[in-house]
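Next come the chains, spelled out residue by residue.
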Amino acid sequence: MITLYGMHRSRATRNLWLLHELEAEFTLKPVVQAYRLEARGIDPSAADAPFNTRSAEFLKLSPAGAIPVLEDEGLILSESLAINLYLARKLGGPLAPRDAREEAQMVQWALYGATAIEEPALEIMFAYAKGETEGGQRIIEANADKLQRPFAALEAHLETHSHMVGGRFTVADINMAEIVRYAQPHKALMAAYPRITGWLELCQARPAFKKMWANRETEPA
Ligand SMILES: N[C@@H](CCC(=O)N[C@@H](CS)C(=O)NCC(=O)O)C(=O)O
């Protein structure tokens, strides 16, 4: 039985989207980020605090104190992108790599997304979420600058490829789409990259994404 520890408002979205695509049976155990509790004036270490990323029981699963975590037949796995590559391999189907070559390309794109795109894209998302202040605008533009080079690389890839890997929708699209999504509130940035925008819209039109997103909307921000 697959158990995913996390929230819809976390990187667990990429795992939830994939699990919906695969129509897999799983249990989602809510673990709220400690910083979200603190922002609501709740002490994460208090005895009556909701199960959170600093709860002693959770730290046994994730010494780093971060969601998501997957538990499957005795395997405890952290890192959302690794979880997705594992789930795709295990549950198979067209979303999984067909061979070692495709697998290598999926790992390559996951690492590129995580190292070159995720952090600046997250900064953009957080700055928009805080409202459009002058300081926020500076953060947004500085991080949009950081994204120019990786977005140009991604745009060039999508000029000659319909998808990230294998000419079909795969786990590699989910992993990259959920990273690029963080920059989506920056309309001017996205408009400068029409191939990325078109590919992202197609990914987000999938019923499994919409199901994940509808559930996410029910969680408090
Ligand atoms: N690289 C990790 C990052 C995990 C991570 O930082 N998760 C955040 C939520 S998206 C978290 O749990 N933060 C916990 C906290 O700050 O208390 C992954 O992709 O899974």
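Residues numbered from 1 in each chain as written. Predicted model: local features only at pLDDT ≥ 70, side-chain atom pairs only at ≥ 80, totals over all residues. Heavy atoms only, no water.

### Some details on the overall build of the chain
For the record, the criterion: Runs of E in the DSSP output that reach at least two residues are strands. Runs of H or I that reach at least four are helices, and both are numbered from the N terminus. Each radius of gyration reported is based on C-alpha atoms, and the globular scaling rule is 2.2 Å times the count of residues to the power 0.38. Any two residues whose heavy atoms approach within 4.5 Å are treated as being in contact. Areas reported here follow the Shrake-Rupley algorithm with a probe of radius 1.4 Å; residue values treat only the protein chains shown as occluding. By the counting rule applied here, Lys and Arg register as positive and Asp and Glu as negative, while His and the ends of each chain are not counted. Charged groups are reduced to one reference atom each: NZ for lysine, CZ for arginine, CG for aspartic acid, CD for glutamic acid.
Within the chain, the secondary structure is distributed over 10 helices and 4 strands. Across the chain, helices and strands are ordered from the amino to the carboxyl terminus as β-α-β-α-α-β-β-α-α-α-α-α-α-α. A globule of 221 residues ought to have a C-alpha radius of gyration of about 17 Å, and the chain, at 18 Å, matches this closely. The dimensions of the chain, computed from C-alpha atoms along their principal axes, are 55 × 50 × 30 Å. Taking contacts inside the chain between residues at least 6 apart in sequence as the whole, the part at least 24 apart equals 61%. Summed over all atoms, the accessible surface of the chain reaches about 11,100 Å², with 55% contributed by carbon and sulfur. Computed over 24 positive and 28 negative side-chain charges, the inter-centroid distance for the chain is 1 Å.

### Regarding the packing of aromatic side chains
Given two aromatic rings, their pairing is described by the distance between the two centres and the angle made by the two planes. Spelled out, the test is: Two aromatic rings, drawn from Phe, Tyr or Trp (for Trp, its six-membered ring), form a pair once their centres lie within 6.5 Å of each other, and the interplanar angle then sorts them: stacked below 30 degrees, edge-to-face above 60, tilted otherwise. The buried label goes to any residue with under 20% of its type's maximum accessible area, the exposed label to any with over 50%, and the partly exposed label to all in between, with areas taken from a 1.4 Å probe on protein chains only.
Counted under the stated rule, the structure contains 6 aromatic pairs. Consider the rings of Phe 151 and Tyr 193, whose centres lie 5.5 Å apart with planes at 90°: the pair is edge-to-face. With a gap of 42 residues between them, Phe 151 in helix α6 (residues 134–160) and Tyr 193 in the loop between α8 (187–191) and α9 (194–204) connect regions that are remote in the sequence. The pair formed by Phe 151 and Tyr 193 is uniform in burial state, with each residue classed as buried. Judged by centre distance (5.6 Å) and plane angle (15°), the rings of Phe 209 and Trp 213 are stacked. Here Phe 209 pairs with Trp 213, and both are found in helix α10 (residues 207–217), just 4 residues apart, close to one helical turn. Clustering of aromatic rings is evident, with ring pairs tying together Trp 17, Phe 169, Phe 209 and Trp 213.

### Observations regarding unusual backbone geometry
Along the chain, Ile 67 connects to Pro 68 via a cis peptide bond; the corresponding omega equals 5°. Structurally, Pro 68 can be placed in the loop between α3 (56–61) and β3 (69–72). Located in the positive-phi region is Glu 23, a residue other than glycine, with phi close to 50°. As for its position among the elements, Glu 23 is in the loop between α1 (12–21) and β2 (26–30). The phi dihedral of Glu 79 falls on the positive side, at around 75°, and the residue is not glycine.

### Thoughts on the nonpolar core
Across soluble globular proteins, nonpolar side chains show a tendency to be buried alongside one another. Put simply, the rule is: Only buried residues count toward a nonpolar core, which is a set of Ala, Val, Leu, Ile, Met, Phe, Trp, Tyr and Cys residues joined through side-chain atoms within 4.5 Å. Where a domain begins and ends is set by an automatic assignment or by a domain database.
Core analysis: the biggest nonpolar cluster contains 51 residues, and Trp 17, Phe 151, Leu 154, Met 164, Val 180, Ile 196 and Trp 199 have the highest contact counts within it. Built from parts of two domains, this core gets at least three residues from each of domain 1 (2–94 + 209–217) and domain 2 (100–206). Ignoring anything within four residues of it in the chain, the contact list for Ile 196 reads Phe 151, Leu 154, Glu 155, Leu 158, Val 180 and Met 190. Residues Val 32, Phe 58, Leu 61 and Val 69 belong to the second largest nonpolar core, which totals 9 residues.

### What to know about the site of the ligand
Our working definition: Definition of nearness: a residue and a molecule or strand are near each other if at least one heavy atom of the residue lies within 4 Å of the molecule or strand. Contacts described as polar in this section are N or O atom pairs within 3.5 Å, which, within protein, must combine one atom able to donate a hydrogen with one able to accept it, while residues neighboring in sequence count only if both atoms come from side chains. Asp, Glu, Lys and Arg are counted as charged, while Ala, Val, Leu, Ile, Met, Phe, Trp, Tyr, Cys and Pro are counted as nonpolar; the rest, among them Gly, fall into the polar class.
Around the ligand lies a shell formed by Ser 10, Arg 11, Gln 33, Ala 34, Tyr 35, Thr 53, Gly 65, Ala 66, Ile 67, Pro 68, Glu 79 and Ser 80. Contact between the ligand and Ala 34: an oxygen atom at 3.4 Å from a main-chain N or O atom of the residue. Here the ligand has 510 Å² of accessible area as a free molecule, and 76% of this is covered by the chains. For the shell around the ligand, the residue count by class is 5 nonpolar, 5 polar and 2 charged.

### Overview of the domain arrangement of the chain
Applied cut-off: Values labelled buried area give the accessible surface lost by two parts on being combined, using a 1.4 Å probe and summing over both. Salt bridge, as applied in this entry: a Lys or Arg side-chain nitrogen positioned within 4 Å of an Asp or Glu carboxyl oxygen.
Looking at the chain, the domain boundaries give domain 1 (2–94 + 209–217) and domain 2 (100–206). Using only C-alpha atoms to locate each centre, domain 1 and domain 2 end up separated by 22 Å. If you look at the interface, domain 1 gives 17 residues, while domain 2 gives 22 residues. In total, about 1,700 Å² of surface goes out of reach between domain 1 and domain 2, with carbon and sulfur atoms giving 58% of it. In this assembly, domain 1 and domain 2 are joined by 4 salt bridges. In this structure, Glu 21 engages Arg 206 in a salt bridge whose closest nitrogen and oxygen atoms are separated by 2.8 Å. For the interface between domain 1 and domain 2, the tally reads 11 residue pairs in polar contact (both at pLDDT 80 or more). Taken together, the elements giving at least two residues each to the side of domain 1 that touches domain 2 come down to α1, α4 (80–91) and α10.

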